Amino acid sequence: MAMVPAKSLATTCVASKRMMWQIPEKWTMEEASTVPCVYSTVYYALVVRGQMKKGEKILIHAGSGGVGQAAISVALAHGLTVFTTVGSKEKREFLLKRFPKLQERNIGNSRDTSFEQLVLRETKGRGVDLVLNSLSEEKLQASIRCLGLNGRFLEIGKFDLSNNSPLGMSVFLKNTSFHGILLDSVMEGEEEMQNQVVSLVAEGIKTGAVVPLPTSVFNDQQVEQAFRFMASGKHIGKVVIKVRDEEAGKKALQPKPRLINAIPRTYMHPEKSYILVGGLGGFGLELTNWLVTRGARYIVLTSRSGVKTGYQGLMIRRWQERGVKVVIDTSDVTTAAGAKKLLENSNKLALVGGIFNLAAVLRDALIEDQTAKDFKTVADPKVTATKYLDQFSRDICTELDYFICFSSVSCGRGNIGQTNYGLANSAMERICEQRQVSGFPGTAIQWGAIGDTGLVLENLGDNDTVIGGTLPQRMPSCLQTIDLFLQQPHPVVASMVVAEKRKSDQSAGVSLIATIANILGLRDTKNIQDGASLADLGMDSLMSAEIKQTLERNFDIVLSAQEIRQLTFGALKAMDGGADVKPAAAAPAAAAGVPEANITSGGSSRTASPMGDGTQVVFTTSLIPTEAIVQLDTKAPANSKQSPIFFISPIEGFASALEPLAKRLEVPAYGLQYTEAVPSDSLESAAKFFIKQLRTVQPKGPYKLAGYSFGCLLTYVMAGILEETNEVANVIMLDGAPSYVNWYTSSFKQRYTDGTNADNDNQSYGLAYFGIVLANIDYKALVRLLIVIPTWEEKLERFAELMSNEITQPVETIKKSATLFYKKLELADGYQPTLKLKTNVTLVKPTDNSAKLDEDYRLKEVCTKPVEVHTVEGNHRTFLIEDQSLKTIQSILKRLFN
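Every chain is numbered independently, its residues counted from 1 as its sequence is written. The predicted origin of the model limits local features to residues at a pLDDT of at least 70 and limits the giving and counting of side-chain atom pairs to 80 or more, whereas totals for whole chains, interfaces and linings rest on all residues. The basis for the side-chain values is all heavy atoms of the structure; hydrogens and waters are excluded.

Chemist: I'd like to hear about the overall build of the protein, residue by residue, with values.
Modeler: For the protein, the count of helices and strands is 32 helices and 26 strands. Only protein chains enter the accessibility calculation, which uses a 1.4 Å probe; a residue whose area is less than 20% of its type maximum is buried, one above 50% is exposed, and one in between is partly exposed. When the 898 residues of the protein are sorted by exposure, 50% land in the buried category. In this description, contact between two residues means that some pair of their heavy atoms is separated by no more than 4.5 Å. In the protein, the share of contacts with a sequence separation of at least 24, taken over all contacts with a separation of at least 6, comes to 71%. Only DSSP runs of H or I covering at least 4 residues are called helices, and only runs of E covering at least 2 are called strands; the numbering of each starts at the N terminus.

Structural data, given as structure tokens:
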């Protein structure tokens, strides 16, 4: 494994031998990919700059991130006391599970400054010896205040450094030191420092301090989803792009060649010269600057009048300061002698690698007003100059990579009054075509109107002026387009912004508020305070860039990155004209589920599946729970001796839907969650697994059990097993029963399937149902797509690919969760209850219920005692959310379990 300074998103990387490590045999390539960058940063920060010592105390921010986990691992291995911060309960639980030595009381919140009081309280006001900081603004200031005497502050964040934020000198009265940690400086610095960092990481691998991080893996077709997933902040560890499968076995093998569809990034050869005819014009200066950023070190700009403006001089000085040799050539390229002289002089500077003809002169008039002189004036810089440059470059420029002519849509589409200009450009394009036929490089780019600089802004208007049905193409877009066009094999290419199209696409009918909310992942904007900034709402740098582009592209609002970061929700409403918030179509509804219900989102109707116990569920960080039993927040004191209530989760597997109810209870409560570890061969096996889990909390019965929806079936099976040892106190069924899911699936099959290919139907409808649990998709359309796919594996693969575009989760994760979900559905569908429960059973169901079952959901058939039935307001989802129904359920539980 290795590390390179940049440009690693490529098919080939050139790595320094000094920055390489041997991959241990027990590691996979996937695991190895998580190590170099984060552990090099950590060792450089903590050991080289921070000089950490055994017994010291350290505060590590964002502990669940890549650098955070690496720092915790290294610090604990070196005998330090670790304080850390995280942004969610799930991340806190993950760290405690991954690092058993970590103390729960030493974990604070990274979303506010409360960690300062935590650190000072736990250290009795002394503070910590080291801070590894990635937080910004007021959280950075709070982190500085956590430093003790002789403390070292290690800043790995870039925000405050880039913004030149004030620090305050009083912090140094404690003899503290502030270090900016930039791994780039190590990569580009002295060999001695590189060798030190590499040896520290290598030693850490040997001692076990360096441990690979958890990964979220995306395939090579999911690069955008991977970045969006990372931007959401829901990942733990590293997000990895898997380009190919690792070769089997431990023996080093030559990898098999793999072809990937890709457009290379354009680079200029630093030892070649690049000629720009008309290079001192507006577009010419921008193009030259782009060539310099792409590696050009020898530039020849042609202009018969030379440098005339201060801006031209400024740009030339800037390039020269970067070590670029810039030559201003005044040769007349419209003559044979001038063109030949230009190429010969440029070749002496450095072999010519590229010729760009940007020259243009306009003499617009209707055809009856045109003269032969006008035609010649327009044609000279286009046709004559290109003809001579073509003729002489074939012999003089033996290493030519690019021969680029700037043409216009006036010859491709035609513009009124530009007959001469269209003719000149068309002739220039024919020269490029002939060059390619002869085996030489040659490309003509038909541009529409160019914005920001050049002829349009100087003569015709501004960036919103419509010219020949096109709007001016802004300069960043032009340069991005050139990057693509220089890699195309075609002699003539075109780029333009069609005015009608851009205006009709302004916001696709979605308001500015809804668009921004969708990027930030906000599902409900009604309760957001006007004073909340986008940074407060969780915006990171990737989201900021997307918001900036969206505002400029769809709403014509241009703001800097700093202005966007400080933008408040109230200001957004003002920009939006005070319009009511309209939910973005891509934002999923936060529905826990209503069977047989029609769910609408963004104005479009969507038919819910008639199967199972509900529809859409909001998954917070993952699709499969990682813990089989979790403690739920209640009103019970931490040292309560009361026996707890055990809630069995619904079909999605998480106990989160029961949290609002648990918070009202005065006794401890735990949620049993359906992890990958739960046996899936039978419900009895799953029930025994959960009984083992609840015994870890309460070794002996009697047990208080409460199931919700699909969880009621498991509750019934668990109660039957526990009755054999007289360990059941009471059973509560929350809108569910042993026959509940089976009734839905059976009635559905009777209505929609003919039984001729039962497995195919079950698999297709089952996956489609999981689709609406996951995302706001068209259920019927998904069924139609899946039902024609012959095998389960192919259905699963196609389903996962579709869902990954909706929910930004890795394909493999979706496949695992879909398989687990379908197994649960199969178990429920095929189960026939035979046990007769002797314990007291109570059913709580909502008033809005489409289940055509008996009043007691047929529970009397599986219970020996009368079933107590209570009806509360709401539906299958809302009866566990609405205040009145929760009060009723709380009183029922209190009466039964106290």
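Chemist: Now, about a nonpolar patch on the surface: what can you tell me, with residues and values included?
Modeler: Within the patch definition used here, like charges are joined within 9 Å and nonpolar side chains (Val, Leu, Ile, Met, Phe, Trp, Tyr) within 5 Å, considering only residues with over 30% relative accessible area and no salt bridge. In short, Shrake-Rupley with a 1.4 Å probe defines the accessible areas, and a residue's cover is counted only from the protein chains shown. Any Lys or Arg side-chain nitrogen located within 4 Å of an Asp or Glu carboxyl oxygen qualifies as a salt bridge. On the surface, Leu9, Val223, Phe227, Met230, Ile241, Val243 and Ile260 cluster together into a nonpolar patch covering about 590 Å² of accessible area. The biggest single contributor to the nonpolar patch is helix H10 (residues 223–231), with three residues. When you line up the elements, leucine 9 lands in the segment before helix H1 (29–32). In this structure leucine 9 comes out as exposed when scored by relative accessible area, which is 78%.

Chemist: Can you explain the sheet that holds strand S25 (residues 840–846)? Please cite residues and give values.
Modeler: The sheet built from seven strands is open, its strands ordered S20-S22-S21-S23-S24-S25-S26 with mixed pairing. If you trace the sheet from one side to the other, it starts and ends with strand S20 (629–632) and strand S26 (868–872), each paired once. Pairs of neighbouring strands in the sheet enclose a mean axial angle of 20°, with direction left out of account. At least two bridges found by DSSP between two strands are what make those strands a pair. By the bridge criterion, four bridges tie strand S21 (residues 645–648) to strand S23 (residues 703–708) in an arrangement that is parallel. Axis definition: a line fitted to C-alpha atoms, over the contacting stretch in the case of helices. Angles run 0 to 180 degrees between N-to-C directions.

Chemist: Lay out the sheet that holds strand S6 (residues 177–180) with the relevant residues and their values.
Modeler: The strand order S3-S2-S1-S4-S5-S6 describes an open sheet built from six strands, whose pairing is parallel. With partners counted over all chains shown, the strands left at the sheet margins are strand S3 (107–109) and S6, one partner each. In this sheet, adjacent strand axes meet at a mean angle of 20° when their direction is disregarded. Bridging between strand S1 (residues 57–60) and strand S2 (residues 81–86) involves four bridges; their strand directions are parallel.

Chemist: Describe the packing of helix H14 (residues 372–396) against helix H16 (residues 419–437), naming the residues involved and giving the relevant values.
Modeler: It is at 8 Å that the axes of H14 and H16 come closest, and there the two elements cross at 10°. The orientation of H14 relative to H16 falls into the category roughly parallel. Each of Asp374, Phe375, Val378, Ala379, Lys382, Val383, Thr386, Lys387, Asp390, Ser393 and Arg394 in H14 lies in contact with H16, whose residues at this interface are Thr419, Asn420, Tyr421, Leu423, Ala424, Asn425, Ala427, Met428, Ile431, Gln434 and Arg435. Classifying every residue of the contact of H14 with H16 by side-chain character gives 10 nonpolar, six polar and six charged. Put simply, angles under 35 degrees are roughly parallel, angles over 145 are roughly antiparallel, angles from 65 to 115 are roughly perpendicular, and the rest are oblique. When residues are grouped by polarity, Ala, Val, Leu, Ile, Met, Phe, Trp, Tyr, Cys and Pro land in nonpolar, Asp, Glu, Lys and Arg in charged, and all others, Gly among them, in polar.

Chemist: Explain the environment of asparagine 175 to me, and be specific about the residues and the numbers.
Modeler: Its place among the elements puts asparagine 175 in the loop between helix H7 (159–162) and S6. A relative accessible area of 53% places asparagine 175 in the exposed class. Sequence separation between asparagine 175 and asparagine 150 is 25 residues, and the spatial gap between their C-alpha atoms is 4.9 Å. Ignoring anything within four residues of it in the chain, the contact list for asparagine 175 reads Asn150 and Gly151.

Chemist: Break down the packing of aromatic side chains for me, citing the residues and quoting the values.
Modeler: Classification of ring pairs uses Phe, Tyr and Trp, with its six-membered ring standing for Trp, and accepts pairs whose centres are within 6.5 Å; under 30 degrees between planes counts as stacked, over 60 as edge-to-face, and the remaining range as tilted. Summed over the entire model, instances satisfying the criterion amount to 17 aromatic pairs. When the ring of phenylalanine 689 is compared with that of phenylalanine 690, the centres are 5.6 Å apart and the planes differ by 80°; the resulting orientation is edge-to-face. Note on accessibility: phenylalanine 689 and phenylalanine 690 belong to one class, buried. Here a set of aromatic residues connected by ring pairs shows up, and it is made of Tyr674, Phe689, Phe690 and Phe710. The side chain of lysine 387 reaches across the aromatic face of tyrosine 388, ending 5.2 Å from its centre. Against the face of phenylalanine 403 rests arginine 435, its NZ or CZ located 4.0 Å from the ring centre. Two thresholds decide whether a charge sits over a ring: the Lys NZ or Arg CZ must be within 6 Å of the ring centre and within 35 degrees of the ring normal.

Chemist: Describe the side chain of serine 303, with residues and values.
Modeler: Relative to the elements of secondary structure, serine 303 occurs in the loop between strand S10 (298–302) and helix H12 (310–321). Among all residues touching serine 303, those that are not within four sequence positions of it are Leu280, Asp329 and Thr330.

Chemist: Can you tell me about the nonpolar core, naming the residues and giving the values?
Modeler: Definition of nonpolar core: a set of buried residues of the types Ala, Val, Leu, Ile, Met, Phe, Trp, Tyr and Cys, connected through side-chain atoms within 4.5 Å. By size, the foremost hydrophobic cluster in this structure holds 75 residues, and its most contacted members are Tyr674, Leu705, Met718 and Phe799. All domain edges in this entry derive from an automatic or database-based domain assignment. Summarising the domain contributions, this core has at least three residues from each of domain 4 (629–740 + 835–897) and domain 5 (742–830). Ignoring any residue separated from it by four or fewer positions in sequence, one finds methionine 718 in contact with Ile648, Leu672, Ala687, Phe690, Ile691, Leu694 and Leu705. Counting 45 residues, the second-largest nonpolar core is a separate cluster that includes Val74, Leu76, Leu154 and Ile181.

Chemist: Break down the pairing of strand S4 (residues 128–133) for me, with residues and values.
Modeler: Along S4, five of the six residues are buried, which leaves the element largely enclosed by surrounding structure. Taken together, the three bridges between S1 and S4 define a ladder with parallel strand orientation. Bridging from a neighbouring strand, leucine 59 pairs with valine 131 of S4. With five bridges joining them, S4 and strand S5 (residues 147–155) adopt parallel strand pairing. Looking at the pairing, valine 131 lines up with phenylalanine 153 of S5. What joins S4 to S5 is helix H6 (residues 138–145), and the crossover it makes is right-handed. Convention used here: a crossover is right-handed provided that the path from the first strand, over the helix, to the second strand proceeds clockwise when the strands point away from the viewer.

Chemist: Summarise unusual backbone geometry; cite the residues concerned and give the values.
Modeler: Cis geometry marks the peptide bond from glycine 701 to proline 702; its omega dihedral reads 5°. Structurally, proline 702 can be placed in the loop between helix H25 (683–695) and S23. Phi angles above zero are rare outside glycine, and glutamate 137 is one such case at about 55°. Its place among the elements puts glutamate 137 in the loop between S4 and H6.

Chemist: Which residues make up empty space enclosed by the protein, and what are the values?
Modeler: Here a cavity denotes a set of grid points, spaced 1 Å apart and computed over the protein atoms alone, in which a 1.4 Å probe fits but from which it cannot get out, and a pocket denotes an open set meeting protein on both sides within 12 Å along at least five of seven lines; residues with an atom within 4 Å of a point are reported as lining. Grid points are joined across faces, edges and corners, and a volume is the space filled by probe spheres set on the points. According to the stated counting rule, one finds two cavities of 30 Å³ or more in the structure shown. Computed from the structure, the largest cavity encloses a volume of approximately 70 Å³. If one sorts the elements of the lining of the largest cavity by residue count, helix H31 (residues 811–830) sits on top with four residues. Along the lines of polarity and charge, the residues of the lining of the largest cavity split into nine nonpolar, one polar and two charged. Here the lining of the largest cavity gathers at least three residues from each of two domains, domain 4 (629–740 + 835–897) and domain 5 (742–830).

Chemist: Summarise the pattern of salt bridges; cite the residues concerned and give the values.
Modeler: By the definition in use, this model includes 23 salt bridges. One salt bridge in this structure joins arginine 145 and glutamate 116, with 3.0 Å as the shortest N-O distance. Highlighted residues: arginine 145 in helix H6 and glutamate 116 in helix H5 (residues 114–122), separated in sequence by 29 residues. On the basis of relative accessibility, which here comes to 11%, the residue glutamate 116 falls in the buried class. Through salt bridges with shared partners, a single ionic network connects Asp390, Arg394 and Arg435.

Chemist: Which residues make up the packing of H5 against H6, and what values do they have?
Modeler: Relative to each other, H5 and H6 sit at 10°, their axes nearing to 9 Å. By the angle between their directions, the pair H5 and H6 is classed as roughly parallel. Only Lys139, Ala142, Ser143 and Arg145 of H6 make contact with H5, whose side of the interface consists of Phe115, Glu116 and Leu120. Counted by class, the contact of H5 with H6 contains three nonpolar, one polar and three charged residues.

What is shown is where atoms sit, not what they do.
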